[in-house]
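# Coordinate analysis (summary)
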Amino acid sequence: MRPLRLLAAVTGSPRLLAAAPRTGTAPVHVPPDSLSGAGGTAPAPGRPSSRTRLRAWGELLRVSALFTVPGDALAGAAATGRRPGRGTALAVGASLCLYEAGMALNDWADREEDAVDRPHRPIPSGRVAPGAALAAAGALTAAGLALAARAGRPALAVASGLAATVWAYDLRLKHTRLGPAAMASARALDLLLGATATAGAASAAPGPAGTHAAPGPAGAHPPSAALPAALALGAHTYAVTAVSRHEVQGGSTAAPLAALAGVAGLGAAALRGRPAHGEPSPAPATGTLLLPAFVTAYLRTAAVPLLHAVLNPSPPLTRRAVGGGIRAMIPLQATLAARAGSPLVGLAAMGLVPLARALSRKVSPT
């Protein structure tokens, strides 16, 4: 062996091996990553990137379903015959916080079950720590109640009932027969929160000189006028929740069939010529044009995937029916607003549909 190759073999230098003249035997290649020293050690795995962590939290909080929340407060405000204002904005903020608190608490409570049925979820996959999810649920609940308190004591009382319902559902009632009713109650209370906050903030606004409150507009109604709309939204939520109980295993035809009948009934009731007792009449011109369009969008979004689940109650089609039912809340809220005499408010709610549809392609709402 020549001296240069002997030196290369002894020192293990890949540069000397490459520079050594060929002698008929192939030079031994030593991968640089296998060498010791600062430049030869394999890099230790680092922390997940910020984008990865944000995506995990987006999945945990189901942010694609977040756009179904503001319409609750808008429909509630419309039911009182008032324009959305400061109280409505506070109700939207409180609703968003309480909704996301429920999402975080839901995955924390279901972490052991998800480890078997849905191991890809953020907590069982290890992307979000259980303690962090629980802390987020508590912080979001406190923030929601704080925002509601700024809209007045009646709004805080409704928000407190909503928060209690959310926590009771996630921790106790979800897997019982009362689960769908609890979820329906939460959505109904969310709409009533919008009505109460809108009316409360309007009454607390300074009025003319010598008065303590601004007079309500002509045709204004008390928050109780929102009860029919709240019951309609609650009925839809009940039907979707009943179907969601079968989205993992599938196999149920009765649940999507009953939900389909309920959706059709709500659509037909919205198109009735005469509003229910205590419900304001829709605006004659714009409401006549937009109300049928909103109802059609509601039926198309909710009924079509439910029909597919009835014909084939497989887990994928059942989950698709649940996702459609969640997204259908937006055109339902627009329908309720238009029926209450505020079609333009309903049109504003419908503006959230493209955002919800686009984000649902990246993050599942179920």
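Residues numbered from 1 in each chain as written. Predicted model: local features only at pLDDT ≥ 70, side-chain atom pairs only at ≥ 80, totals over all residues. Heavy atoms only, no water.

## Remarks on the overall build of the protein chain
In terms of helices and strands, the protein chain carries 16 helices and 0 strands. Split into buried and exposed, the 366 residues of the protein chain put 45% on the buried side. When contacts within the protein chain are restricted to residue pairs at least 6 apart in sequence, long-range pairs at least 24 apart make up 76% of them. Accessible surface, the protein chain as shown: approximately 18,200 Å² in total, 65% of it carbon and sulfur. (Helix = DSSP H or I, 4+ residues; strand = E, 2+ residues; numbered from the N terminus. Buried < 20%, exposed > 50% of the residue type's maximum accessible area, 1.4 Å probe, protein only. Contact = heavy atoms within 4.5 Å. Areas by Shrake-Rupley, 256 points an atom, 1.4 Å probe, with all protein chains shown as cover.)

## Observations regarding the side chain of Ser95
Checked against the element boundaries, Ser95 lands in helix α5 (residues 86-109). When sequence neighbours within four positions are dropped, the list of residues in contact with Ser95 reads Val69, Asp190 and Leu193.

## Looking at the nonpolar core
Counting residues in hydrophobic clusters, the biggest one holds 51 residues, and the most contacted among them are Leu191, Leu193, Tyr298, Leu306 and Leu336. With 13 residues, the next largest nonpolar core counts Leu291, Val295, Met350 and Val353 among its residues. (Core = buried A, V, L, I, M, F, W, Y, C linked by side-chain atoms within 4.5 Å.)

## Re the pattern of salt bridges
Applying the stated criterion across every chain yields a total of 7 salt bridges. The salt bridge partner of Asp72 is Arg187, with a shortest N-O separation of 2.7 Å. Taken together, the residues Asp72 in helix α4 (residues 70-79) and Arg187 in helix α9 (residues 179-204) connect sequence positions 115 residues apart. Here Arg187 falls in the buried class, since its relative accessible area comes to 6%. One network of salt bridges, in which partners are shared, links Arg55, Glu59 and Arg127. (Salt bridge = Lys/Arg side-chain N within 4 Å of Asp/Glu carboxyl O.)

## Details of the packing of helix α10 (residues 227-244) against helix α11 (residues 254-270)
Their axes nearest at 8 Å, the elements α10 and α11 cross at an angle of 160 degrees. Between α10 and α11, the crossing angle belongs to the class labelled roughly antiparallel. Helix-helix and strand crossings are classified by hand; for α10 and α11 the assignment is left-handed. Residues Ala232, His236, Ala239, Ala242 and Val243 of α10 touch α11, and the partners they reach there are Ala255, Pro256, Ala259, Val263 and Leu266. For the contact of α10 with α11, the per-class residue count stands at 9 nonpolar, 1 polar and no charged. (Axes fitted to C-alpha atoms, helices over the stretch in contact; angles between N-to-C directions. Parallel < 35°, antiparallel > 145°, perpendicular 65-115°, else oblique. Left-handed = near helix turned anticlockwise from the far one by under 90°. Nonpolar A, V, L, I, M, F, W, Y, C, P; charged D, E, K, R; others polar.)

## Notes on the packing of α4 against α5
At their nearest, the axes of α4 and α5 sit 8 Å apart, and the two run at 145 degrees to each other. Along this stretch, α4 crosses α5, giving a crossing that reads as right-handed. Counting all contacts with α4, which are made through Pro70, Ala73, Leu74 and Ala77, the residues of α5 involved are Thr88, Ala91, Val92 and Leu96. A breakdown of the residues in the contact of α4 with α5 according to their chemical character gives 7 nonpolar, 1 polar and no charged.

## Some remarks on the side chain of Ser64
Turning to its location among the elements, Ser64 is positioned in the loop between α3 (50-61) and α4. Sequence-distant contacts of Ser64, that is, excluding residues within four places in its chain, are made with Ala356, Leu359, Ser360, Val363, Ser364 and Pro365.

## Notes on helix α7 (residues 130-149)
In this model, α7 (20 residues) spans 29 Å end to end at C-alpha, consistent with the 28 Å of a helix rising 1.5 Å per residue. Buried within α7 we find Ala133, Ala136, Ala137, Thr141, Gly144 and Ala148. End-on, the buried residues of α7 take up no more than an arc of 135 degrees, which puts them together on one face. Along its buried surface, α7 packs onto α3, α5 and α8 (153-173). (Expected span 1.5 Å × (residues − 1). Arc of directions from axis to C-beta.)

## Looking at the confidence of the model for the protein chain
Note that predicted coordinates carrying low pLDDT should not be read in detail. The share of residues in the protein chain with pLDDT of 70 or more is 78%, and the mean pLDDT across the chain is 84. Considering each helix and strand of the protein chain separately, the mean pLDDT is smallest for helix α2 (residues 14-19), with a value of 38, and largest for α7, with 98. Low confidence marks residues 1-44, where pLDDT is under 50. Its contacts with residues over four positions away, or in another chain, come to 25 contacts. Segment residues 209-214 is flagged for pLDDT under 50; beyond a separation of four residues in sequence, or across chains, it makes 14 contacts in the model. (pLDDT = per-residue confidence, 0-100.)

## Considerations on unusual backbone geometry
In most cases, non-glycine residues show a negative phi, while peptide bonds are predominantly trans. Not every positive phi belongs to a glycine, and Arg62 is a case in point at roughly 50 degrees. Considering the arrangement of structural elements, one finds Arg62 in the loop between α3 and α4.

## Some details on α5
With 24 residues, α5 should reach 34 Å at 1.5 Å per residue; the first-to-last C-alpha distance of 35 Å fits that figure. Counting buried residues along α5, 19 of its 24 residues qualify, which places the element largely inside the surrounding structure.

## What about the environment of Arg53?
Take Arg53: it is sitting in helix α3. What makes Arg53 partly exposed here is its relative accessible area of 32%. In the structure, Arg53 is positioned 74 residues away from Arg127 in sequence and 7.1 Å away in space, judged by C-alpha atoms.

## Digging into the environment of Gly138
Here Gly138 lies in helix α7. As for Gly138 and Leu98, which are separated by 40 residues in sequence, their C-alpha atoms are 9.5 Å apart.

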